[in-house]
Amino acid sequence: MPIIVNGREVAMPADARVSLLDFVREHLELYGTKKGCNQGACGACTVLVDGERILSCLALAVQYDGREVTTVEGLANGALHPLQEAFIVHDGFQCGYCTPGQICSAVGMAGELARGVPSHVTDDLTATDIALTHDELRERMSGNLCRCGAHNGIVDAITEVYAGPGA
Amino acid sequence: MIELAYTRATDAADAIRRGEGGNAKYLGGGTNLVDLMREIVEVPSALVDVTGLSAEIEQTDSGGLLIGAAARNTAVAEHPVVRARYPMLTRAIVAGASAQIRNMATIGGNLLQRTRCTYFYDTDGSRCNKRSPGEGCDAIEGFNRIHAILGASPACVATHPSDMCVALAALDAIVHLRSASGERTVALCDLHRLPENRPDVETVLEPGELITAVELPSSEIAAYSTYRKVRDRSSYAFALVSVAAALELDGDAVADARVALGGVAPKPWRAWRAEDTLRGRPATEATFLEAADEELADARPLAGNAFKVDLTRRTLVAVLQQLTEGGRR
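Residues numbered from 1 in each chain as written. Chains lettered and ligands numbered in written order. Predicted model: local features only at pLDDT ≥ 70, side-chain atom pairs only at ≥ 80, totals over all residues. Heavy atoms only, no water.

## Notes on the overall build of chain B
Moving on, step 1. Across its full length, chain B holds 13 helices and 12 strands.
Moving on, step 2. The principal-axis extents of the C-alpha atoms in chain B amount to approximately 65 × 50 × 35 Å.
Moving on, step 3. On chain B, roughly 13100 Å² of surface is accessible, and the fraction owed to carbon and sulfur atoms is 49%.
Moving on, step 4. For chain B, the separation between the mean place of its 36 positive charges and that of its 43 negative charges on side chains is 3 Å. (Helix = DSSP H or I, 4+ residues; strand = E, 2+ residues; numbered from the N terminus. Areas by Shrake-Rupley, 256 points an atom, 1.4 Å probe, with all protein chains shown as cover. Lys, Arg positive; Asp, Glu negative; His and termini not counted. Charge placed at Lys NZ, Arg CZ, Asp CG, Glu CD.)

What follows is the structure, given as structure tokens:
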């Protein structure tokens, strides 16, 4: 079965050793997703698979046939995704290397929050309506590192889209 | 080039057939195995993808929970029955790794993940008895801040890194296994081996044996439980010390207790001695300190991790105090 990347069916690689990260970058020339550490420690390679955020550096492409993969290139739909707009408005990046991973991760995070998935800082585990407080946001995004220190802008952007009055 | 064949199993019997003969490994989310392969620590010639096997989380006839080995960490942590009846398990899972990793990682893979000892990973530069039996252990005289104070041996001082397994140990979890010879169960507490003189043999699994499910027995005490993790960062870091605990009170006394420790041993460490000390005693700091001291009596700190002894003591006391103040019964 093909893998569906940003809505387009593509054939799986023949080599089982190809990571999903190398597949989208080297085979499909979608360079938005970044290789930061290639060992699952930085989050720069975060993509969405059937709406769920994963680390593409630890994913073997051959495991994902039939699945819908969304990279940062696939978020805009005519216009920029609201979160992409917010990252610009709130200055949520400096060098931009972690940014695609941050944005894909936040989109995935919003889905988990909507589903009521608890986090390490969630007080009441039985609550399914969890507010995106500052601490919850930082914990849920802790899998995405930023060495430029653009965290404040990242937090503001995510807060505006997923916790603000218009969220 | 290191050849790698990949197939996907349709069910447990199919997985076992595909994994037979030669150098095959079962592949779950890949969050540990792919990393180990990239580091040339693991060199399978074939991968059998078992992510299509049962990921169901269903209540058993005896009121417990049966979790398919292919269930993802996130799915288990967010399950309403786990959150309500086995909260230490949810807290342990969400304390581990990052959300992305928890979305990928399977329960079976979490059980079998390997140590993050830096010498184990350093294939080019370091001696490691786990990688190459008899080679030596560079951690014992090296940088051993994150290594074990309990259960280690002159051959290996590495720790088991899983948070989830610590909670499973405290919950008396049962691991369901299947091989070509049939099915059997093993207590989670008996799944992992201590290193002794064979640190390369980490579990009691037979070659080709597959984990199919993890069962949580029905448990009243589990509803009054928690997991606390002490680490260098406030998120996304392995435990220096962690405690999974459950407490049942009868007035001011401890009626029953479950305690397991993480970050301090080569396997998830069920604190049997601490539990024995706690039962029937007043639920006070003095008792909790005595329980911790009983459990740590045989602690063997290394040059770099002596702080873990007192950290374990204080964390265990704090967690038991927290559970006591929670007013459980």
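## Re the sheet that holds strand β7 (residues 182-187) of chain B
Residue and element names in this part refer to chain B.
Moving on, step 1. Across the sheet, which stays open at both edges, the five strands sit in the order β4-β5-β8-β6-β7 with antiparallel pairing between neighbours. Looking at which strands have only one partner, the edges of the open sheet turn out to be β4 (57-59) and β7. Neighbour to neighbour, the strand axes of the sheet diverge by 25 degrees on average, direction disregarded.
Moving on, step 2. As paired elements, strand β6 (residues 174-179) and β7 share six bridges and run antiparallel to each other. Residue pairing in the sheet places V175 in a bridge with V186 of β7. (Pairing = 2+ DSSP bridges. Axes fitted to C-alpha atoms, helices over the stretch in contact; angles between N-to-C directions.)

## A few points about helix α13 (residues 307-325) of chain B
Moving on, step 1. With 19 residues, α13(B) ought to run about 27 Å at 1.5 Å a step, and its terminal C-alpha atoms sit 27 Å apart, in line with that.
Moving on, step 2. Structurally, α13(B) contributes buried residues whose contacts are with β9 (225-230), β10 (241-250), β11 (253-262), α11 (272-278) and α12 (285-296) of chain B. (Expected span 1.5 Å × (residues − 1). Contact = heavy atoms within 4.5 Å.)

## Some thoughts on the pattern of salt bridges
Pairing is possible between side chains that carry opposite charge, provided their charged atoms lie close to one another.
All names here are of chain B.
Moving on, step 1. According to the stated counting rule, one finds 33 salt bridges over all chains in the structure shown.
Moving on, step 2. Across the salt bridge formed by D49 and R8, the nearest N and O atoms sit 3.7 Å from each other. Here R8 lies in strand β1 (residues 5-8) and D49 lies in strand β3 (residues 46-49), a separation of 41 residues in the sequence.
Moving on, step 3. Overall, the relative accessible area of 32% leaves R8 in the partly exposed class.
Moving on, step 4. A salt bridge links D310 to R313; the shortest N-O distance between them is 2.8 Å. Within this pair, D310 and its partner R313 are both found in helix α13, separated by three residues, close to a single helical turn.
Moving on, step 5. D310 sits in the partly exposed class, given a relative accessible area of 34%.
Moving on, step 6. Overlapping salt bridges, with partners in common, bring together D172, D256, R258, R270, E275, D276 and R279 in one network. (Salt bridge = Lys/Arg side-chain N within 4 Å of Asp/Glu carboxyl O. Buried < 20%, exposed > 50% of the residue type's maximum accessible area, 1.4 Å probe, protein only.)

## Focus on a nonpolar patch on the surface
Moving on, step 1. Together, L80(A), I88(A) and F93(A) line one region of the surface with nonpolar side chains, adding up to about 260 Å² of accessible area.
Moving on, step 2. Inspection of the secondary structure assignment puts I88(A) in helix α2 (residues 82-89). (Patch = residues over 30% accessible without salt bridge, like charges linked within 9 Å, V, L, I, M, F, W, Y side chains within 5 Å.)

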